[in-house]
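# Structural characterization, general
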Amino acid sequence: MKKLFFFFILLFTIQSQSQTFIKFNGATAVVGIPNIGIETSIGEKTTFSFDVMASFWKSFNGHSPMEFYTFTPEVRYHFKEKYNGFYVGGHAGPDFYKIQKWNYWDLPKYEHGFGYRLGVTVGYNIKLNDKFLLDVFAGGGWHQGFYHGYYNDGTPGRYETAKNWNKSGEWLPYRGGVMLSYKL
């Protein structure tokens, strides 16, 4: 009963602020990678955003896997006012993948594992009317991956010899697009 009461208080608080948006990334949807999210006010010029992006592609070219799932909680600071103009955000989140790394596109290898990202997003909100806005953004940062490397040409076993997990860390641009946002 206490949990249910807490849930209703939280829902009422979010609704009473009337500054919660649900978001859909049109740019990633064009290539069949849904990216949805929610953003709500947490301060005078700050918001909290959480989005999920997933690629369900078993393969991009018939033999190279392109499946991944990312979860991105982010705190954003808006320079002008919330949901209007430039903002910068900091995020940290996990991901899970079965994907061929960008530098292996000409090799019969792919990676299956998980990782985390620490990074920054820069964006601009454009108000369309009282209920809709566009969120144009790009972001990137440090990605640390833990994976097993396999062959995708039928060769059995792993191509790398790490005892438990192979590790890979890179600075990457890994998010961006145009979110159509609707105020609840």
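As shown above, the structure is provided for reference.
Now for a look at the structure at hand. (Residues numbered from 1 in each chain as written. Predicted model: local features only at pLDDT ≥ 70, side-chain atom pairs only at ≥ 80, totals over all residues. Heavy atoms only, no water.)

Another point: the overall build of the chain. Helix and strand counts for the chain come out as two helices and eight strands. Listed N to C, the secondary structure of the chain is α-β-α-β-β-β-β-β-β-β in terms of helices and strands. Here the chain holds 184 residues, and 40% of them are scored as buried. Sequence-distant contacts in the chain: of pairs separated by 6 or more residues, those separated by 24 or more amount to 58%. Summed over all atoms, the accessible surface of the chain reaches about 10800 Å², with 69% contributed by carbon and sulfur. (Helix = DSSP H or I, 4+ residues; strand = E, 2+ residues; numbered from the N terminus. Buried < 20%, exposed > 50% of the residue type's maximum accessible area, 1.4 Å probe, protein only. Contact = heavy atoms within 4.5 Å. Areas by Shrake-Rupley, 256 points an atom, 1.4 Å probe, with all protein chains shown as cover.)

This part is about the sheet that holds strand β7 (residues 132–151). Spatially, β1-β2-β3-β4-β5-β6-β7-β8 is the arrangement adopted by the eight strands of the closed barrel, whose pairing is antiparallel. Direction aside, the axes of adjacent strands within the sheet are offset by 25 degrees on average. Sheet topology note: the strand β2 (residues 35–41)/strand β3 (residues 46–57) ladder contains seven bridges and is antiparallel. From the neighbouring strand, E39 faces β3, where its bridge partner is S49. (Pairing = 2+ DSSP bridges. Axes fitted to C-alpha atoms, helices over the stretch in contact; angles between N-to-C directions.)

Right, let's get into the pattern of salt bridges. Per the stated rule, a full pass over the model turns up ten salt bridges. Across the pair K58 and E67 runs a salt bridge, and its minimum N-O distance is 3.3 Å. The exposure class assigned to E67 is buried, which follows from its relative accessible area of 12%. Close ionic contact of R158 with E160 constitutes a salt bridge, the shortest N to O distance being 2.9 Å. Through salt bridges with shared partners, one network takes in K23, E39, D51, E74, R76, D135 and R175. (Salt bridge = Lys/Arg side-chain N within 4 Å of Asp/Glu carboxyl O.)

Grouped together as the largest cluster of nonpolar side chains are seven residues: I33, M53, F68, Y97, Y104, Y147 and Y159. Once residues lying within four places of it in the same chain are set aside, the contact partners of I33 are T28, M53, A54, S55, W57 and F68. (Core = buried A, V, L, I, M, F, W, Y, C linked by side-chain atoms within 4.5 Å.)

On to the pairing of β3. Consecutive residues of a regular strand have side chains that alternate between opposite faces of the sheet. Counting the residues between successive antiparallel strands, the hairpin from β2 to β3 contains four residues. Bridge count between β3 and strand β4 (residues 66–78): twelve bridges; the pairing is antiparallel. From the neighbouring strand, S55 faces β4, where its bridge partner is F68.

With that settled, the discussion passes to the environment of A29. Position of A29 relative to the elements: it lies in helix α2 (residues 26–29). Judged by relative accessible area, which is 30%, A29 ranks as partly exposed. Taking the C-alpha atoms as reference, A29 lies 9.9 Å from M53; in sequence the two are 24 residues apart.

Here the focus is unusual backbone geometry. It is generally the case that most residues other than glycine have a negative phi and that most peptide bonds are trans. Positive phi is not limited to glycine here, since Y83 has a value of about 65 degrees. Looking at where Y83 falls in the secondary structure, it is placed in the loop between β4 and β5 (85–99).

These figures come from the coordinates and say nothing about function on their own.
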